[in-house]
Amino acid sequence: MTGSPRSSAPCPFLRKTFRLEQPVKAARLTVTALGMYECEINGQRVGDHVFAPGWTAYDKRVMYQSHDVAPLLRQGENVIGAILGDGWYCGFVGWGNRQLYGDRPRFLAQMDVLLADETMFSLVTDGTWTTTTGPIRESDLLMGEIYDARMELGRWSQTDYAAEGWEPVLVDAINKAVSIEERLGPPVRRIEQITPRLISGNQNQLIYDCGQNFSGRARISMRTTRDTVVRLRFAEILDPKGELYTENLRAARVTDYHICRGDGVEEWEPRFTFHGFRYIEVRGLKPEEVVELTGVVLHSDMRVTGHFKCSNELLNQLQHNILWGQKSNFLEIPTDCPQRDERLGWTGDAQVFVRTAAFNMDVRSFFHKWMRDVRDAQTAGGGIPPVVPEHNLTNMEDGGPAWADATIICPWTIYLCYGDRKILENHYESMERFMDFLAQQRCIGRIRAHWSVAKWVGFGDWLALDGSGICEGATPVDLIGTAFYAYDAAILAEVAAVLGRADDAAKYRQLHGEIAEAFRRRYVTPDGLMASGTQTSAVLALHLGLVEGEAKGLLARELAHDIEKRQFHLATGFVGTPYLLEVLEENGYLDVAYKLLEQETFPSWLYPVKNGATTIWERWDGWTAERGPQDKSMNSYNHYAYGAVGAWMYRTVAGLELDPSQPGYRHILFRPRPGGSLTWAEASLDTPHGLAAIRWEREGTGLRLDVTVPEGAQATLQPPTGYGEARALGAGRHDIVLTVV
Ligand code: BGC
């Protein structure tokens with residue numbers, strides 16, 4: 001059923017009156033849309049989902065929501081209504097594309113009511129519903145909302161409303177090829193509220209600071225004269241003059257307008273849009289006309305499960321920024337950023353961050369849903385595109401090394417963190433198809449992304465500041481490709497083993513051996529060094545076990561030396577950075593890892609923190625004191641990828657690690673590795689078995705530990721070097737003092 005025949009806003013309002021002859025015993029409303037909907041019954045909102053029904057490959061799958069609506073119904077006359085928005089279905093998505101899936105929103109609902117006499121009353125969307133447009137003249141994810149309060153429809157979803165001028169809806173056939181399924185994964189909700197502070201204001205322009213960069217929108221209460229046009233703009237940072245810096249938003253208008261009724265206090269929060277911002281500019285109102293302004297934080301409703309804290313306050317702010325990067329970008333799908341005209345499910349970004357994400361929040365069902373999106377986006381040939389959902393966005397069948405591999409790495413990580421076999425079962429066939437795609441279409445002699453295979457080879461070590469001067473960095477893309485191909489094969493061998501497919505496990509182990517061999521032949525010199533010389537090439541070779549024996553020590557020494565030459569500053573991009581500290585620690589350079597982690601000057605993790613960041617920046621040089629903001633064409637201040645260091649803080653700084661052979665923290669490894677300036681650190685995680693926690697504190701040359709092992713789990717304490725042997729810990733709380741032996 002469709003609303004307005006127009007392809008863009010105004011948002012259609014839909015309405016249907018009906019009679020219930022008996023009191024209601026039970027009632028269920030099952031509802032969905034192509035686009036976005038909000039439902040009302042007798043003047044009350046149904047449910048609290050935002051942006052329902054969520055984003056899927058609408059040409060294949062649409063999710064419905066189901067609500068108990070008995071409390072909203074009554075015997076006698078009733079009204080059900082809906083407001084529709086364009087959303088991802090036909091609004092602006094990614095680089096200014098619109099109408100990706102269709103021309104206008106559509107709505108589908110069914111209500112089943114059990115009446116007091118045990119008879120059923122059913123209502124479906126059909127040609128008896130009526131439609132009109134109202135105050136929402138436009139509501140678009142990237143552009144914002146235009147709301148004309150003078151056109152409000154009053155009690156439109158109540159029985160005493162005279163629906164004059166409402167017209168019959170257009171009825172459309174259901175596309176039978178599309179599967180309509182119950183919602184999977186957490187819905188987006190209004191999660192938190194922030195009270196912004198007025199930081200500058202003259203009569204015509206008020207600027208507010210929310211103190212936090214986030215995804216959401218502003219709710220405003222105002223009292224002013226009729227016809228006043230109030231304009232709200234949003235930005236992540238201010239320019240040197242104290243004005244909003246919006247150039248990095250590119251084609252996203254990110255502006256909301258409200259035209260006032262002028263009859264007392266008007267409260268308004270846009271419906272089908274969100275912005276990524278910290279600052280709000282209000283024009284058209286005097287300070288005293290703003291009765292209240294609130295920042296409404298929106299994201300997929302996931303429980304915070306992790307906690308990390310230590311004696312370095314800057315690292316604590318870094319952890320805060322990582323968590324807020326996650327909140328801002330886990331909105332229906334894992335997006336790269338929430339502010340500019342992009343906001344897409346970049347596979348590479350999700351892949352590098354998934355492990356950290358699973359510490360901070362319960363992301364299990366969020367990833368179940370997104371991995372299904374990944375399967376839906378897989379091409380006929382088995383390729384995985386760079387963004388998911390993908391629909392006429394990039395039209396690329398291969399996301400390239402470290403991007404497409406999300407299809408292997410993400411489910412495996414969810415399995416490790418939650419002990420969730422199901423995600424492996426669901427995804428196995430798709431993983432196999434991807435491996436075949438690589439073998440058949442992307443490799444020559446086990447070298448992946450070889451330049452002669454295809455013109456398109458990938459994003460390289462995206463945004464590495466390694467002297468190359470290009471976004472892809474200096475590490476050869478085929479080196480990254482072959483390393484990740486080996487990694488995929490190793491993971492798939494494990495997955496096959498978990499699923500009891502011994503033959504497949506053997507096949508992928510052998511494949512891994514062949515790829516590793518090809519990798520060494522092509523990229524490792526006879527001395528055991530990486531021919532490419534970049535840090536990321538060394539990091540990948542070491543992390544993925546592609547160099548062995550003595551060569552390992554040599555390569556790790558070279559890596560540490562190169563970092564020292566840069567005075568302990570970062571030079572790696574999206575691909576190398578997540579494993580950098582891990583590789584250093586594993587190869588005896590814990591001190592170097594801590595120097596990088598605690599580095600405060602540019603480029604480093606703490607440079608943005610020192611400069612007031614409240615989320616993770618897309619680029620190490622997103623802003624520098626010398627130059628100001630990076631190139632406006634690609635510069636987000638809310639990208640989570642470099643926040644992937646968070647996992648290292650949990651796993652190594654505090655020392656809370658899983659055992660891959662007993663996933664889901666059935667067996668916990670407590671392995672604190674104190675270093676740098678830290679005198680104490682602590683982490684906790686609400687694991688599938690209960691709360692696991694560790695705190696360590698230096699006591700002279702000793703270490704005092706406070707460790708909690710959840711009921712139903714077991715743990716092993718692996719002390720830092722020099723502090724004695726590993727020991728088993730049972731469930732319960734342990735107060736342990738480690739001394740140098
Ligand atoms: C996005 C990324 C993404 C990259 C790939 C950017 O525009 O914001 O985070 O991974 O493109 O090249």
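Residues numbered from 1 in each chain as written. Predicted model: local features only at pLDDT ≥ 70, side-chain atom pairs only at ≥ 80, totals over all residues. Heavy atoms only, no water.

## Brief notes about the site of the ligand
Reasoning step 1: Within the structure, the ligand sits among Asp-336, Arg-340, Glu-342, Trp-346, Asp-349, Trp-403, Phe-459, Trp-462, Phe-574, Glu-618 and His-639.
Reasoning step 2: At a separation of 2.7 Å, an oxygen atom of the ligand approaches a polar side-chain atom of Glu-342.
Reasoning step 3: Here Asp-349 contributes a side-chain N or O atom positioned 2.5 Å from an oxygen atom of the ligand.
Reasoning step 4: Relative to its unbound accessible area of 310 Å², the ligand is 96% covered by the protein chains.
Reasoning step 5: Class assignment of the residues belonging to the shell around the ligand gives a composition of five nonpolar, one polar and five charged. (Near = heavy atom within 4 Å. Polar contact = N/O pair within 3.5 Å; in protein donor to acceptor, adjacent residues only side chain to side chain. Areas by Shrake-Rupley, 256 points an atom, 1.4 Å probe, with all protein chains shown as cover. Nonpolar A, V, L, I, M, F, W, Y, C, P; charged D, E, K, R; others polar.)

## Comments concerning the sheet that holds strand β5 (residues 61-68)
Reasoning step 1: Spatially, five strands are ordered β8-β7-β2-β5-β13 in an open sheet, and the strand pairing comes out mixed. Where the open sheet ends on each side, the last strands, each with one partner, are β8 (120-124) and β13 (179-182). Taking each pair of neighbouring strands and ignoring which way they run, the sheet shows an average axis angle of 20°.
Reasoning step 2: Pairing between β5 and β13: four bridges, direction parallel. Across the sheet, residue Arg-61 finds its bridge partner in β13, namely Ser-179. (Pairing = 2+ DSSP bridges. Helix = DSSP H or I, 4+ residues; strand = E, 2+ residues; numbered from the N terminus. Axes fitted to C-alpha atoms, helices over the stretch in contact; angles between N-to-C directions.)

## Re the domain arrangement of the protein chain
Reasoning step 1: Taken domain by domain, the protein chain comprises domain 1 (12-138 + 149-185), domain 2 (190-300) and domain 3 (656-738).
Reasoning step 2: The gap between the C-alpha centroids of domain 1 and domain 3 is 51 Å. (Domains from an automatic or database assignment.)

## Side note on helix α3 (residues 347-360)
Reasoning step 1: Its 14 residues place the ends of α3 19 Å apart at the C-alpha level, agreeing with the 20 Å of an ideal helix rising 1.5 Å per residue.
Reasoning step 2: Remark: the principal bend of α3, roughly 55°, maps to Val-354.
Reasoning step 3: A large share of α3 lies buried, amounting to 14 of its 14 residues. (Expected span 1.5 Å × (residues − 1). Bend = angle between axes of the 7 residues up to and from the residue. Buried < 20%, exposed > 50% of the residue type's maximum accessible area, 1.4 Å probe, protein only.)

## Brief notes about the packing of helix α11 (residues 577-586) against helix α12 (residues 590-597)
Reasoning step 1: Where α11 meets α12, the axes come as close as 7 Å, and the angle between the chain directions of the two elements is 155°. If you check the angle between α11 and α12, you find them roughly antiparallel. Between α11, through Leu-580, Leu-581, Leu-584 and Glu-585, and α12, the contact on the second element is made entirely by Leu-590, Val-592, Ala-593, Leu-596 and Leu-597.
Reasoning step 2: Of the residues assigned to the contact of α11 with α12, the class counts are eight nonpolar, no polar and one charged. (Parallel < 35°, antiparallel > 145°, perpendicular 65-115°, else oblique. Contact = heavy atoms within 4.5 Å.)

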